[in-house]
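Spelled out from the first residue to the last, the chains are:
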Amino acid sequence: MILDLTAVDVYLPRMNLGLPANLKVMALLVFPLLCWATTVCGASQASQRDMLLWYRQPAQKWLEAMPLGNGYMGAMVFGGIDQERIALNESSFWSGHPHDYNDTNAISYFPQIRDLVFAGKFQEAEKMADDHFFGIPKAQQAYEPIGNLLLNFEGVEHARDYVRQLDMETGVATINYRVGDALLTRKVFMSYPDRVLIVHISGDKPGRVSVQARLKSPYRDATIVRRASLIMEGSWKKVGSDTNWLIAPVAGSGLKFNAALVARCEAGRSETTDDALRIQGADAVTLILTITTSYINYTNINGDPVAICQRVLSRVPSKDYATLLQRHETDFRALMGRVRLHVGDPSLSDKPTDERLKALRTGSPDPNLEALTFQFGRYILAASRRAGGQPANLQAIWNEDVLPPWGSKYTVNINTEMNYWPAEVCNLSECARPLFVMIKDISVSGAETARTYYGCDGWVTHHNVDLWRGAAPVDAAKFGMWPLGGAWLCQHLWEHYAFTGDTQFLRGYYPVMKGAAQFLLEVMTLEPKHQWLVTPFSMSPEHGYLDSQGKMSFLSPSPTMDVAIIRELFSHCIDASRTLSLDADFRARLESALKKIPPYQIGKSGFVQEWIEDWQPGPQGHNV
């Protein structure tokens, strides 16, 4: 079944379709379409290019490379002619090590901050929160790169007819070019069924493939070269002298990793050097790579990555390249092939993607590019998150920097939620499973935070989470003093049940939803002016206001965002308890509380009021 909107002109913000620097951008682009387009399911026939990004030149920078992923690993394929760079990530490779961020002294300041806020002394409250109510340390850890697979090709100096493309339906990147009378082809894909990266290099004339492969990493400890294989062992530790205030410095070492590369040659000859595999005169070569870390869970990093790599690769020898490709394409197409969106003129897909973007920026309409953008949003989620890996962070699964922007963490005051808004409505429900696992993790770590900071049962998390499931407030009051992160994440649990009708899932995650609601029931209090039931101090995420004295402020009781999330969470818990026929008393408490929380209010501007009082908004955006 196909949704065909060829007569409809749709506007979406402009973007670089090389790769999103932040999956939040993709959610922003996808979601407007979801507001009016119905997701349709089932296989269909479509034009060959309706899910294709393609270019006539290699990527010159990381943002132009082609993203591949299988939930465990991510790869950015540049498509170079004489040198290929494939940037590598593994979803559990982060800085630091297991850590409890909670400050056991924080609870003594909770009533003081609350009272200052109710007294309208917002700046004093914020200073006390900054000084005494944040985690130790005040910043969390970062998602880290593994390194690069570098391929140097011989005899390609006079290449012509270059084409680089990413088929988003199959998750296969292809690079073609001619050298002399031979067509050289490189196919790269990241297999979820076999948990490996495959690079297949071939020519249509015999003996035309000569390539040298190396593995590089800022965290490399050793490189081991064996016959037809290359192994890189490494571990996280601080590298360089640069710092970022949003990433806490950590002494010592952390996670270990193992990257193992195996080469299969068809004809030709192979040899090894101290740090490389060299293949010359082959008809074709298949490179098979897997990466694993020592991560077991957020409290245990004592796994054996070498043994896991060996176990993964031991299942591959029985499969030839054609079998590996078929297994991957069948798996990936089963996700991406569920939804088709036809908008505008499909013949425009015959132009390279970057040329279409340039034309769009000069005012040429291209609604079909917007359909491609929609599918790119789905692709990013399908490629970056599958069961067994970590959830999509600020850059999904792709990152080349040791100090990435904002630490490439889970920013749960909107970014993480936005990453997963397309999951159910775009028929990628399975891709949300890593998020559900993380929510259950932070319901445990966040229970300790709820007790340590607020003296409450249930669980809480604030605006950021990292691999170590830190739930305490971090960064600064104007960013981090927002205790509704966990409550908002619970909306994804309910959405999954609403779309699937899976009562077994609901029964398993209802305690998590209940815990988030339990915390709010206990932490909320009657504010003195209106006698509304409010969160005693919170913020409208990353946005300040001018108080009655004209001073910039951030903390306030129950900003409207809190009210909206509480209404959603309490209503979902009420419906879940009825569906599961349990917790009648708790349900009654939620129903009673809903009658006492602040109403939605219209301010003097004519818009929904953002805070409990009709304060003047501060500067928009993050520059506050």
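Because the structure is a prediction, the values reported are computed rather than measured. (Residues numbered from 1 in each chain as written. Predicted model: local features only at pLDDT ≥ 70, side-chain atom pairs only at ≥ 80, totals over all residues. Heavy atoms only, no water.)

> Quick one: what's the story with the confidence of the model for the chain, residue by residue and with numbers?
Scored by pLDDT, the chain has a mean of 91; 92% of the residues are at 70 or more. Predicted confidence for residues 1-47 stays below pLDDT 50, and this span has 131 contacts to residues more than four positions away or in other chains. (pLDDT = per-residue confidence, 0-100. Contact = heavy atoms within 4.5 Å.)

> Outline the pattern of salt bridges, supporting the account with residue identities and numerical values.
The final tally for this structure, using the stated rule, is 26 salt bridges. The closest approach of N and O atoms between Asp583 and Lys514, which form a salt bridge, is 3.0 Å. In this pair, Asp583 is assigned in the loop between helix 13 (560-580) and helix 14 (584-594) and Lys514 in helix 12 (residues 503-523), connecting sequence segments 69 residues apart. Asp583 sits in the partly exposed class, given a relative accessible area of 26%. Using a relative accessible area of 25% as the deciding quantity, one classes Lys514 as partly exposed. (Salt bridge = Lys/Arg side-chain N within 4 Å of Asp/Glu carboxyl O. Helix = DSSP H or I, 4+ residues; strand = E, 2+ residues; numbered from the N terminus. Buried < 20%, exposed > 50% of the residue type's maximum accessible area, 1.4 Å probe, protein only.)

> Can you lay out empty space enclosed by the protein for me, pointing to particular residues and giving the numbers?
Tallying each qualifying case throughout the model produces six cavities of 30 Å³ or more. Its boundaries defined by the atoms lining it, the largest cavity holds a volume of some 80 Å³. In this structure, the largest cavity is lined by 13 residues; those nearest its centre are Phe153, Val156, Tyr177, Leu184 and Ile201. Listing elements by their share of the lining of the largest cavity, those giving two or more residues are strand 8 (172-179), strand 9 (182-191), strand 10 (196-203) and strand 11 (209-216). The element that contributes the greatest number of residues to the lining of the largest cavity is strand 9, accounting for three residues. Along the lines of polarity and charge, the residues of the lining of the largest cavity split into seven nonpolar, three polar and three charged. (1 Å grid on protein atoms, 1.4 Å probe; cavity = no way out; pocket = protein on both sides within 12 Å on 5 of 7 lines; lining within 4 Å. Points joined across faces, edges and corners; volume = space filled by probe spheres on them. Nonpolar A, V, L, I, M, F, W, Y, C, P; charged D, E, K, R; others polar.)

> Report on the packing of aromatic side chains, specifying residues and quantitative values.
Scanning the entire structure with this criterion turns up 25 aromatic pairs. With a centroid separation of 6.2 Å and 45° between ring planes, the pair formed by Phe189 and Tyr321 is classed as tilted. Taken together, the residues Phe189 in strand 9 and Tyr321 in helix 5 (residues 321-336) connect sequence positions 132 residues apart. Across this residue pair, the class does not change: Phe189 and Tyr321 are buried. Among the aromatic side chains, those forming a connected cluster through ring pairs are Phe110, Phe133, Tyr453, Tyr454, Phe519 and Phe537. Residue placement shows Arg114 over the ring face of Phe110; its charged tip is 5.7 Å from the ring centre. Across the ring face of Tyr509, the terminal group of Lys440 is positioned such that the distance to the ring centre comes to 4.2 Å. (Phe/Tyr/Trp six-rings, centres within 6.5 Å; stacked < 30°, edge-to-face > 60°. Lys NZ or Arg CZ within 6 Å of the ring centre and 35° of its normal.)

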